[in-house]
Amino acid sequence: MRQTFWAILAGLLFGAGLGVSQMANPAKVLAFLDVGAIPSGGWDPSLALVMVGALIVTFAGFAVARRLNKPLAAERFEWPARRDIDARLVAGSVLFGIGWGVVGYCPGPAIASLAWARSETIAFVLAMIAGMVIWRRTLGSSNKAPVSVR
């Protein structure tokens, strides 16, 4: 129950942050990604500040977590064991970036945007879920990433 409470709290905080920062607004994201509009003044660099802030919080959080013997809301840490960069990782990153650049959504902001119940958001999330199911049934079973436990 305690772990569920912390998961819900973290999800609510993350969703609120996405909303306040406008990361859940596809028009804002697309204006940030349109670096070709820099000469005309149409580029919106404000989300870069959001990303810098997220990096600062992430680095600080990992620095604290690495000093703890166990997490606050789980029995043990589960750190990724793989550190290699392979073709699947690069291909997935490219597809993620293309999707983000074309539509202005990535998974977290898309789920947070369901709160507005817009038809294009619902369609995106349904397509995202379908893609996850297709991947899991075709390629997913062969890619069980090992996890190291500290």
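Residues numbered from 1 in each chain as written. Predicted model: local features only at pLDDT ≥ 70, side-chain atom pairs only at ≥ 80, totals over all residues. Heavy atoms only, no water.

S.K.: Even after reading the chapter, I still don't get the overall build of the chain, so can you show me in this structure?
M.R.: Within the chain, the regular secondary structure consists of six helices and two strands. When the helices and strands of the chain are listed from N to C terminus, the series reads α-α-α-β-α-α-α-β. Taking the principal axes of its C-alpha atoms as reference, the chain extends roughly 50 × 35 × 30 Å. One way to put it: in the chain the 14 positive side-chain charges average out to a point 10 Å from where the 7 negative ones average out. (Helix = DSSP H or I, 4+ residues; strand = E, 2+ residues; numbered from the N terminus. Lys, Arg positive; Asp, Glu negative; His and termini not counted. Charge placed at Lys NZ, Arg CZ, Asp CG, Glu CD.)

S.K.: I keep staring at the confidence of the model for the chain and nothing clicks. Help me out?
M.R.: Interpretation of the predicted coordinates at a detailed level should be avoided for regions scoring low in pLDDT. On average, residues of the chain carry a pLDDT of 87, and 93% of them reach 70 or more. Confidence scores differ between elements of the chain, with strand β2 (residues 147-149) showing the lowest mean pLDDT of 56 and helix α3 (residues 46-67) the highest of 92. (pLDDT = per-residue confidence, 0-100.)

S.K.: Teacher, can you tell me more about the packing of aromatic side chains here?
M.R.: Two aromatic rings are characterised by how far apart their centres lie and by the angle between their planes. Across all of its chains, the model carries six aromatic pairs by this definition. With a centroid separation of 5.2 Å and 75 degrees between ring planes, the pair formed by F5 and W6 is classed as edge-to-face. Under the relative-accessibility criterion, W6 is labelled partly exposed at 40%. Pairing F62 with W79 gives two aromatic rings, centres 5.7 Å apart and planes at 45 degrees, and the pair type is tilted. Taken together, the positions of F62 in helix α3 and W79 in strand β1 (residues 78-80) put the pair 17 residues apart, joining distant regions of the chain. For F62, a relative accessible area of 42% corresponds to the partly exposed category. Pairwise contacts between aromatic rings join F62, F77 and W79 into one cluster. (Phe/Tyr/Trp six-rings, centres within 6.5 Å; stacked < 30°, edge-to-face > 60°. Buried < 20%, exposed > 50% of the residue type's maximum accessible area, 1.4 Å probe, protein only.)

S.K.: Looking at this structure, how should I read the packing of helix α2 (residues 26-33) against helix α4 (residues 87-103)?
M.R.: Each packed pair of helices is defined by two parameters, the angle between the axes and the distance between the axes. In contact at an axis separation of 8 Å, α2 and α4 are set at 115 degrees when each is read in the N-to-C sense. The orientation of α2 with respect to α4, classified from their angle, is roughly perpendicular. Packed against α2, whose contacting residues are P26, V29, L30 and L33, the element α4 presents W100, G101, V102 and V103 at the interface. For the contact of α2 with α4, the residue count by class is seven nonpolar, one polar and no charged. (Axes fitted to C-alpha atoms, helices over the stretch in contact; angles between N-to-C directions. Parallel < 35°, antiparallel > 145°, perpendicular 65-115°, else oblique. Contact = heavy atoms within 4.5 Å. Nonpolar A, V, L, I, M, F, W, Y, C, P; charged D, E, K, R; others polar.)

S.K.: What is the right way to look at the packing of α2 against α3 in this model?
M.R.: Running from N to C, α2 and α3 point in directions that differ by 95 degrees, and their axes come no closer than 8 Å. In terms of orientation, α2 lies roughly perpendicular with respect to α3. Contacts between α2 and α3 involve K28, V29 and F32 from the former and S46, L47, A48 and M51 from the latter. When its residues are assigned to classes, the contact of α2 with α3 shows five nonpolar, one polar and one charged.

S.K.: Got a minute to help me understand the pattern of salt bridges in this structure?
M.R.: Proximity of charged atoms lets side chains of opposite charge pair with each other. Inspection of every chain in the model, using the stated rule, returns five salt bridges. Ionic pairing is found between D44 and K28, a salt bridge with its closest N-O pair at 2.9 Å. Of this pair, D44 sits in the loop between α2 and α3 while K28 sits in helix α2, and the two are 16 residues apart along the sequence. A residue is classified by how much of its surface remains accessible, and D44, at 17% relative accessible area, is buried. With a closest N to O distance of 3.0 Å, R82 and D86 form a salt bridge. Assessed through its relative accessible area of 26%, D86 is described here as partly exposed. Each of R82, D84 and D86 takes part in salt bridges that share partners, so that together they form one network. (Salt bridge = Lys/Arg side-chain N within 4 Å of Asp/Glu carboxyl O.)

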